[in-house]
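Below, each chain spelled out in residue letters.
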Amino acid sequence: MVAHRKNDYNFKERGRFEVDISMKKTAVGDPFTIVPPAEKMVLFLRQHVGRETKPIVQPGDPVKCGQKIGEINEGDPWSVPVHSPVDGKIVTIKKLSHPLSGEEENAVIIETTSEGQNSSLSPLNPNDVSKEQLVERVREAGIVGLGGASFPTHVKLTPNKKLSHLIINAKESDSNIACDFRLMVEKSREVVNGILLIAKILDVTHITFASRTKEGQTPEFDELLRENNITIARIRPNYSVGSERLLVKEVLNKEIPSGKFPPDVGVVVHNIATALAISRAVYNGEALISRGLTFYSKKTGGKNLWVRMGTPINHVLSFLGMSSGEFERYVLGSIMMGPLVSDPSLPILKATSGITAFTREERDPYVNPLPCIRCAYCNIVCPVFIYPQLIMEAEKKGNVKALHKLHVVDCIECGLCSYVCPSRIKLTPYLVGGKRRIREKKE
Amino acid sequence: MNTDEVKFKEYQVVQPPHLYMGFTKDELMLKTFFLLSIIAFASVVIMGVNAFIHIITALGTVLIVHNLIHSYQKWKGYRITYESPTSPMVAGMIVGLSMPIASTFEVTAGVAFITILVFKYGQGKYFQRKYLNPAAAAKVLLLLLLSIMLFFENPLSTGMIFHPHHLELNLFTNEGFIESMWIFQRAVLPFLGIRLPATQSLMFWQTHGWIGGACGILVLIVGAIGAYWLRYKWRIIVSSLISMTLLSITIALLTGGDILLRIAFHVFTGSFIFMVFFMATEPQSTPMPGKSQYLFGISLAILTFILQLFNVLGGSIIALVLLNIATPFLDKVGFKKPYGHRESKGGK
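Not measured: the values here are computed from a predicted model.

### Some details on the overall build of chain A
Turning to step 1, where the next piece is worked out: Looking only at helices and strands, chain A has 14 helices and 19 strands in total.
Turning to step 2, where the next piece is worked out: The principal-axis extents of the C-alpha atoms in chain A amount to approximately 60 × 50 × 50 Å.
Turning to step 3, where the next piece is worked out: Going through the 443 residues of chain A one by one, you find that 61% of them count as buried.
Turning to step 4, where the next piece is worked out: The long-range share in chain A, meaning contacts at least 24 apart out of those at least 6 apart in sequence, stands at 70%.
Turning to step 5, where the next piece is worked out: Working note: accessible area of chain A is about 17,000 Å², and carbon and sulfur atoms make up 50% of it.
Turning to step 6, where the next piece is worked out: In chain A, the 59 positive side-chain charges and the 49 negative ones have mean positions that sit 6 Å from each other.

### Describing the packing of aromatic side chains
Turning to step 1, where the next piece is worked out: Under the counting rule described, the total for this entry stands at 19 aromatic pairs over all chains.
Turning to step 2, where the next piece is worked out: On the basis of an interplanar angle of 85 degrees and a centroid distance of 5.4 Å, the ring pair of A:W78 and A:F151 is categorised as edge-to-face. With a gap of 73 residues between them, A:W78 in the loop between β7 (68–71) and β8 (82–83) and A:F151 in the loop between α2 (131–140) and α3 (153–156) connect regions that are remote in the sequence.
Turning to step 3, where the next piece is worked out: Residue A:F151 is classed as partly exposed on the basis of its relative accessible area of 27%.
Turning to step 4, where the next piece is worked out: For the ring pair B:W234 and B:Y294, a centre distance of 6.3 Å and an interplane angle of 85 degrees mean the geometry is edge-to-face. One end of the pair, B:W234, is in helix α10 (residues 234–255); the other, B:Y294, is in helix α13 (residues 290–309), and 60 residues separate them in sequence.

### Some words on the nonpolar core
Turning to step 1, where the next piece is worked out: Membership of the largest hydrophobic core comes to 155 residues, with the highest contact counts inside it found for B:L97, B:F274, B:F278 and B:M279.
Turning to step 2, where the next piece is worked out: Here this core gets 9 residues from one element, more than from any other, and that element is helix α2 (residues 25–47) of chain B.
Turning to step 3, where the next piece is worked out: Residues lining this core come from more than one domain, with at least three contributed by each of domain 1 (17–148) and domain 2 (163–330) of chain B.
Turning to step 4, where the next piece is worked out: Excluding residues within four positions of it along the chain, B:F278 makes contact with B:L36, B:I39, B:I94, B:V219, B:V222, B:G223 and B:Y232.
Turning to step 5, where the next piece is worked out: Within the second largest apolar cluster, 59 residues are counted, among which are A:F32, A:V86, A:A141 and A:L166.

### A few points about a positive patch on the surface
Turning to step 1, where the next piece is worked out: Side chains of A:K397, A:K401, A:K405 and B:K332 sit close together on the surface and give a patch of like positive charge.
Turning to step 2, where the next piece is worked out: Take B:K332: it is sitting in the segment after α14 (315–330).
Turning to step 3, where the next piece is worked out: Overall, B:K332 belongs to the exposed group, its relative accessible area being 52%.

### What to know about the sheet that holds strand β18 (residues 340–341) of chain A
Residue and element names in this part refer to chain A.
Turning to step 1, where the next piece is worked out: Strand order in the open sheet formed by 6 strands is β3-β16-β15-β19-β17-β18, with mixed pairing between adjacent strands. Looking at strand neighbours, the two that pair on one side only are β3 (33–34) and β18, the edges of this open sheet.
Turning to step 2, where the next piece is worked out: Judged from the 2 bridges that link them, strand β17 (residues 329–332) and β18 form a sheet pairing that is antiparallel. Residue V331 lies in a different strand from β18, and its bridge partner there is L340.

### Side note on the domain arrangement of chain B
All names here are of chain B.
Turning to step 1, where the next piece is worked out: According to the domain assignment, chain B contains domain 1 (17–148) and domain 2 (163–330).
Turning to step 2, where the next piece is worked out: On a C-alpha basis, the centres of domain 1 and domain 2 stand 22 Å from each other.
Turning to step 3, where the next piece is worked out: Taken together, the 36 residues of domain 1 in the interface contact 36 residues of domain 2.
Turning to step 4, where the next piece is worked out: Of the roughly 3,100 Å² buried between domain 1 and domain 2 on both sides combined, carbon and sulfur atoms contribute 76%.

Each value, and the rule that gives it
Residues numbered from 1 in each chain as written. Chains lettered and ligands numbered in written order. Predicted model: local features only at pLDDT ≥ 70, side-chain atom pairs only at ≥ 80, totals over all residues. Heavy atoms only, no water. Helix = DSSP H or I, 4+ residues; strand = E, 2+ residues; numbered from the N terminus. Buried < 20%, exposed > 50% of the residue type's maximum accessible area, 1.4 Å probe, protein only. Contact = heavy atoms within 4.5 Å. Areas by Shrake-Rupley, 256 points an atom, 1.4 Å probe, with all protein chains shown as cover. Lys, Arg positive; Asp, Glu negative; His and termini not counted. Charge placed at Lys NZ, Arg CZ, Asp CG, Glu CD. Phe/Tyr/Trp six-rings, centres within 6.5 Å; stacked < 30°, edge-to-face > 60°. Core = buried A, V, L, I, M, F, W, Y, C linked by side-chain atoms within 4.5 Å. Domains from an automatic or database assignment. Patch = residues over 30% accessible without salt bridge, like charges linked within 9 Å, V, L, I, M, F, W, Y side chains within 5 Å. Salt bridge = Lys/Arg side-chain N within 4 Å of Asp/Glu carboxyl O. Pairing = 2+ DSSP bridges. Buried area = accessible area lost by both parts, 1.4 Å probe.

The following block contains the structure:
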């Protein structure tokens, strides 16, 4: 059991605003529990930021655990394959509402016959293979950024610029997530192996492990990092710093210019869970079919679960002794940035780091917002120094020129402006809308 | 509702975040009301029962009008503008505290009435935003109307907020300034039997001028607590106070007068110190960008200072209203460079 002082749970933002992380508090001491697969698994053929993969199975086909069911499109460098998380039989391929896009997208429904053995790929010895082969393995294993972005990892492993620095993001800023911390406690050796593999592929000179832990909280893991010359950066308790762009500034004091990416300043950031997935793909020959996540409801508190992708939310609920009738809506991933769904038959995706279930009694605090009082709290708290309220006004008027001037494209969509608004206005959608309006204008 | 509005309404339901800090507008208003109540209490102790009646008159008028409108909106099934009375309560308290103690209660009730009806409800309804500080705008409007009284045979006897004898004071010379300070030298701490010199009475125990400025030091302390606790637009406060202090020192040096007395008069007089903390920081009518807030504060101090020197009664609120009008323009300048654009930090 890891002891935490009270002040470990106060995330302080700009302007002395605090982010409530009491949800996390209930989960940090809870070890991963493996959730068995559901009778029917639902696998969306797009679980990354690129285009949908091609289904390579037909209804009625038997599948093995780890077998590829969605193949990358020829010539598409962004997509990664999707694998079956169980031994079973393909029931159907049908359009379902995708939790991330809200659009109808193809999903493969698999009837589970057994849990199966995830070893469709052969284990590799990293010393015997080239970097290109390692990158290809990462792609073949279907690995994407597991922090929530779903960005294809193989793309980040093949930058067109020379990098000097690798940062592993274990900041775990989200108020409802504690699974990254559990990885440090429970999967420490595999995580470190994954980090070293990434460093080898990228040929970086410096590795920094960015963590929110205090000295002595994870002694064994810290020792492993030190043994492997991995610097530990203990990041101040703050939510927004978990963002890739701000983490680079926090760790290296380098600001990524607007419109550029971490490799442009010689850095790359990977999530701790991604490092674990890479380690398993290379050393064990495992495709990415399961992950750790944190479930939270008022009834259960925080629970860390090991869940296969494609597991419907209602199966997770019944595993925890509850039913979907008890809840009204669910947030997938970060409670500050993740999408809200009301259909409990929707599944866990690769980037689902958490599920937060709300009952009907837990009202959405943003319902019936009041008119803006221009208190400027949103400006004060904004970690990238933009003006959300003025952007909202510009977006309402469709004023593209003002949106440009107000640098809406630099918004990191952290949600803090909405979080602090005394009038309970959800400003984030206006910022997202403003960014899209500018993008559409360019196109 | 156009397509964009429909789209955003849908967004509001499902888009993140799904966590809320919980500090609502009501809480902000209630805490502000609490801070104002401390000042009101001190003002009543210092200025006596008349101060209490002014405050109650303002509060009562505002709440009666608010309740009537609220009930009407409810009865007609219209959208309720203010679900809770906290914001009108703050407006009422500000009116009460921004009235001169020499004013009549009818004038206070009139200002409160115009504040809530015209500049709080009316302004919000027709402009979807308050461009002018309601209490300040109401006072300026009434001041203009009451200026007609200047043409009355004996204007002071009509009971008004405009005292024409102010125009006879000459604050440009040290002699004129000292002479005009007689009104503050009357301050007495009754229970201790102490008569305070003008400098001290201006700062601690004013029995003349704005009710809210009876104890300038207390306004400074309570206002500073509010600025920190409730995150008022502190740049306006700081830049106004510093600018006014510098202007006071400058005029004292130019006229060869007592620097402390000048600071005590220009900075701690109720029409400035109370206005700076509790009216000039009114969120809707003041700029958003930080640099613009500094500009707002500096301009407010300069304008108020000039109008004070010319003895324009209500100079500070006229200055505030003028700057409120400039706010939409100030909102277009003074932006901080966002992350990724700061060259010194590696941005472009």
